Amino acid sequence: GENVEQHPSTLSVQEGDSAVIKCTYSDSASNYFPWYKQELGKGPQLIIDIRSNVGEKKDQRIAVTLNKTAKHFSLHITETQPEDSAVYFCAASDQTGANNLFFGTGTRLTVIP
Amino acid sequence: DAGITQSPRHKVTETGTPVTLRCHQTENHRYMYWYRQDPGHGLRLIHYSYGVKDTDKGEVSDGYSVSRSKTEDFLLTLESATSSQTSVYFCAISDHTRGTVYNEQFFGPGTRLTVL
């Protein structure tokens with residue numbers, strides 16, 4: 001099955017700086033890569049996703065890039081704010097009929113005011 | 001949380017006892033999932049359902065069973081709970097009926113289960 005690795009496991013940045021989280025995946029047939037944000041005591045929330053037919057997608061301060069040749073994708077957060085502090089998970093879908101998601105192990109982002 | 005509720009939200013039980021967790025959705029989505037979340041492991045799929053009475057195993061299904069008798073409800077049962085099943089359990093839903101292969105999943109608030 002799919003194997004997703006995520007780095008770093010923790011990341012601290014100053015407010016206003018950028019943050020980058022990277023993931024790699026193993027199944028070259030995967031075609032959907034969502035990112036989730038999880039705040040303390042809550043369920044993961046889908047914040048952005050990218051499909052294999054594009055290389056980059058932006059939504060305000062958040063962007064995701066995909067390199068299918070290298071089998072890696074990244075989350076970029078610009079102008080970080082304290083409310084960006086959370087755990088972020090990447091995921092990749094397999095190509096069985098169910099298109100199940102396989103998750104990375106998470107990155108705890110702390111934005112220091 | 002996209003019209004998803006989980007009950008109970010917290011539970012403490014003893015080794016060897018049966019436990020059932022409930023996920024209820026109001027979105028009429030076809031797919032429902034149960035995950036467990038543990039430090040260092042992210043989210044791992046236990047079981048999923050692609051319709052009423054249609055279920056399949058995920059990557060960590062041993063010791064768990066599921067049932068789906070109605071579109072809106074998906075039950076996760078631990079027949080005989082063990083300490084290794086102490087975890088946070090999340091339900092998720094997805095609407096594959098629109099014909100997309102892109103599995104956008106939306107998560108519930110979670111259930112924290114402690115097995116003593």
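Residues numbered from 1 in each chain as written. Chains lettered and ligands numbered in written order. Predicted model: local features only at pLDDT ≥ 70, side-chain atom pairs only at ≥ 80, totals over all residues. Heavy atoms only, no water.

**Q** What is the right way to look at the nonpolar core in this model?
**A** In globular proteins that are soluble, nonpolar side chains generally tend to be buried together. All names here are of chain A. Counting residues in each nonpolar core, the largest one holds 25 residues, and the members touching the most others are W35, F73, L75, Y88 and L109. At the level of secondary structure, the elements contributing two or more residues to this core comprise β2 (10-14), β3 (19-25), β4 (32-38), β5 (45-51), β7 (62-67), β8 (72-77), β9 (86-93) and β11 (107-112). Setting aside anything within four residues of it in sequence, one finds Y88 in contact with Q6, I21, Y36, K37, I47, L75, I77, G106, T107 and L109. (Core = buried A, V, L, I, M, F, W, Y, C linked by side-chain atoms within 4.5 Å. Buried < 20%, exposed > 50% of the residue type's maximum accessible area, 1.4 Å probe, protein only. Helix = DSSP H or I, 4+ residues; strand = E, 2+ residues; numbered from the N terminus. Contact = heavy atoms within 4.5 Å.)

**Q** How do you make sense of the sheet that holds β7 of chain A when you look at a structure like this?
**A** Sheets are built from strands that pair by backbone hydrogen bonding, the pairs being arranged parallel or antiparallel. All names here are of chain A. Here five strands make up an open sheet; going across it, the order is β1-β3-β8-β7-β6 and the pairing antiparallel. Of all strands in the sheet, those with a lone pairing partner are β1 (4-7) and β6 (56-59), marking the two edges. If you compare each strand with its neighbour and ignore which way they point, the axes differ by 15° on average. With six bridges joining them, β3 and β8 adopt antiparallel strand pairing. Across the sheet, the residue bridging to V20 is H76, located in β8. (Pairing = 2+ DSSP bridges. Axes fitted to C-alpha atoms, helices over the stretch in contact; angles between N-to-C directions.)

**Q** Would you mind showing me how to read the packing of aromatic side chains here?
**A** The relation between two aromatic rings is expressed through the spacing of the ring centres and the mutual angle of the planes. By the definition in use, this model includes 15 aromatic pairs over all chains. Considering the side-chain rings of Y31 of chain B and Y33 of chain B, the 6.2 Å spacing of their centres and the 20° angle between planes classify their relative orientation as stacked. The same class applies to Y31 of chain B and to Y33 of chain B, which are both buried. Feature note: the residues Y36 and F103 of chain A together with Y31, Y33, Y35, Y48, Y50 and F107 of chain B constitute an aromatic cluster, connected by ring pairs. (Phe/Tyr/Trp six-rings, centres within 6.5 Å; stacked < 30°, edge-to-face > 60°.)

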